[in-house]
Amino acid sequence: MSGKTLTFCLMDAPFENARTTTALRLIDTAVRQGMNVNVFAYEGAVGIPFSKQSAHANSVHGFEKEEWNHPLPKDWVTEIMNHAKASGAKVDWINCGLCVDERGMNEAVEGVRRGTPGDLVNWADTSDNTLVIPTK
Amino acid sequence: MANYLLIESRDPFEVNDVAYFYDLASGLKARGNEVTLFLVQNGVLPARKNPSDDTLAKLATAGVQVLADNLSLQERGIQGSSLVNGVAAAELDVVIEKMADGAKTLWH
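Residues numbered from 1 in each chain as written. Chains lettered and ligands numbered in written order. Predicted model: local features only at pLDDT ≥ 70, side-chain atom pairs only at ≥ 80, totals over all residues. Heavy atoms only, no water.

**Q** Summarise the overall build of chain A; cite the residues concerned and give the values.
**A** Regarding its fold elements, chain A presents five helices and five strands. Against the 2.2 N^0.38 benchmark of 14 Å for 136 residues, chain A shows a C-alpha radius of gyration of 15 Å, consistent with a compact globule. Taken along the three principal axes of its C-alpha coordinates, chain A extends 50 × 35 × 25 Å. Taking the contacts inside chain A whose residues are at least 6 apart along the sequence as the reference set, 75% of them involve residues at least 24 apart. The distance from the centre of the 13 positive side-chain charges to the centre of the 17 negative ones in chain A is 3 Å. (Helix = DSSP H or I, 4+ residues; strand = E, 2+ residues; numbered from the N terminus. Rg over C-alpha atoms; globule rule 2.2 N^0.38 Å. Contact = heavy atoms within 4.5 Å. Lys, Arg positive; Asp, Glu negative; His and termini not counted. Charge placed at Lys NZ, Arg CZ, Asp CG, Glu CD.)

Structure, rendered in structure tokens:
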């Protein structure tokens with residue numbers, strides 16, 4: 001399957017919905033299969049690779065931060081980038097620039113760049129398939 | 001004839017318009033298309049045998065390939081042996097492979 005390119009459009013903010021987890025699972029599955037993946041993060045989804053996400057303790061259950069090992073979506077994005085390097089796939093992740101500015105989320109993990117919805121249109125035209133995962 | 005991949009992530013007991021998505025799968029199949037309905041997240045809940053609802057079984061009988069995400073099933077404690085007849089557990093790789101093959105893909 002290598003050589004194929006799939007495009008995903010994500011809209012959900014992190015930490016809110018199982019759709020984010022499923023979307024990242026799909027993207028990871030594709031890169032592990034050696035496929036190139038385009039990701040357009042729109043609206044709240046620009047927070048997924050936000051590099052200032054911070055793990056926390058769980059005082060209710062008595063766990064310190066290190067014990068709780070709270071999962072952070074930015075780390076999942078980094079892992080996807082690493083899996084792509086291992087499989088020879090390319091991941092091009094674009095955050096909607098206006099959405100980033102609105103939310104003050106300019107800092108993102110390595111491999112993420114700014115763009116516009118026009119990039120999604122271009123990807124939809126040129127990739128082998130596109131999946132939009134809407135919020136509702 | 002086209003290939004369709006419909007991804008259902010919602011529980012029909014929580015969201016009424018899931019039934020429309022099932023109808024879409026049925027209608028596309030009735031018009032001669034190849035149709036896969038892939039259940040994920042709470043969308044797998046109706047895949048558990050339920051004597052009061054045979055919707056998914058009817059879709060499978062009509063020729064729709066009905067698959068349920070293995071991890072979503074495990075998370076909800078649904079064993080493979082308790083799935084509706086005609087529904088099979090599957091990995092997300094199926095979604096990626098069908099997308100790469102050009103299936104028209106919709107998420108609900």
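Now that the structure has been shown, we can carry on.
**Q** Can you break down the pairing of strand S4 (residues 87-90) of chain B residue by residue, with the values?
**A** Residues and elements named next belong to chain B. In terms of strand pairing, strand S3 (residues 65-69) meets S4 through four bridges, oriented parallel. Paired with Asp-69 across the strands is Ala-90, a residue of S4. A crossover links S3 with its parallel partner S4, the connecting element being helix H3 (residues 70-75), and its sense is right-handed. (Pairing = 2+ DSSP bridges. Right-handed = clockwise from strand over helix to strand, strands pointing away.)

**Q** Provide a residue-level description of the environment of Ser-51 of chain A, including the pertinent values.
**A** Within the secondary structure, Ser-51 of chain A sits in the loop between strand S2 (36-41) and helix H2 (65-68). Ignoring sequence-local partners within four residues, the contact set of Ser-51 of chain A consists of Lys-74, Glu-107, Ala-108 and Val-109 of chain A.

**Q** Summarise the sheet that holds S4 of chain B; cite the residues concerned and give the values.
**A** Residue and element names in this part refer to chain B. Overall, parallel pairing links the five strands, which are arranged S4-S3-S2-S1-S5 in an open sheet. Looking at which strands have only one partner, the edges of the open sheet turn out to be S4 and strand S5 (104-107). The mean inter-strand angle of the sheet, taken between neighbouring strand axes irrespective of direction, is 25°. Pairing analysis gives four bridges linking strand S2 (residues 34-39) to S3, with the strands arranged parallel. Bridged to Thr-36 within S3 is Gln-65. Strands in contact with helix H1 (residues 18-30) are strand S1 (3-8), S2 and S5; relative to S1, the strand with the most contacts, it is inclined by about 165°. (Axes fitted to C-alpha atoms, helices over the stretch in contact; angles between N-to-C directions.)

**Q** Any details on empty space enclosed by the protein? Residues and values, ideally.
**A** Residue and element names in this part refer to chain B. Counted under the stated rule, the structure contains two cavities of 30 Å³ or more. If you add up the space inside the largest cavity, you get close to 50 Å³. Residue lining of the largest cavity: Phe-13, Tyr-22, Pro-46, Arg-48, Asn-50, Asp-53, Thr-55 and Leu-56, and that is the complete set. Partitioned by chemical class, the residues of the lining of the largest cavity number four nonpolar, two polar and two charged. There is about 40 Å³ of room inside the second largest cavity. (1 Å grid on protein atoms, 1.4 Å probe; cavity = no way out; pocket = protein on both sides within 12 Å on 5 of 7 lines; lining within 4 Å. Points joined across faces, edges and corners; volume = space filled by probe spheres on them. Nonpolar A, V, L, I, M, F, W, Y, C, P; charged D, E, K, R; others polar.)

**Q** Now, about the interface of chain B and chain A: what can you tell me, with residues and values included?
**A** Taken together, the contact between chain B and chain A spans 21 residues of the former and 24 residues of the latter. Interface area, chain B with chain A, both sides summed: about 1,700 Å², of which 65% is carbon and sulfur. The largest per-residue losses of area from chain B upon contact with chain A belong to Ile-96, Met-99 and Trp-107 of chain B, which jointly make up 39% of the total buried on that side. Inspection of the chain B/chain A interface yields one salt bridge. Arg-25 of chain A is the partner of Asp-69 of chain B in a salt bridge, and the nearest nitrogen-oxygen pair spans 2.9 Å. (Buried area = accessible area lost by both parts, 1.4 Å probe. Salt bridge = Lys/Arg side-chain N within 4 Å of Asp/Glu carboxyl O.)

**Q** If you had to explain the sheet that holds strand S4 (residues 112-115) of chain A to someone new, which residues and values would you point to?
**A** Residues and elements named next belong to chain A. A sheet is described by the order of its strands in space; here five strands give the open sequence S4-S3-S2-S1-S5, paired in parallel fashion. This sheet does not close on itself; its edge strands, each paired only once, are S4 and strand S5 (129-133). Between one strand axis and the next, the sheet turns by 20° as a mean value, whatever way the strands run. As paired elements, S2 and strand S3 (residues 91-96) share five bridges and run parallel to each other.

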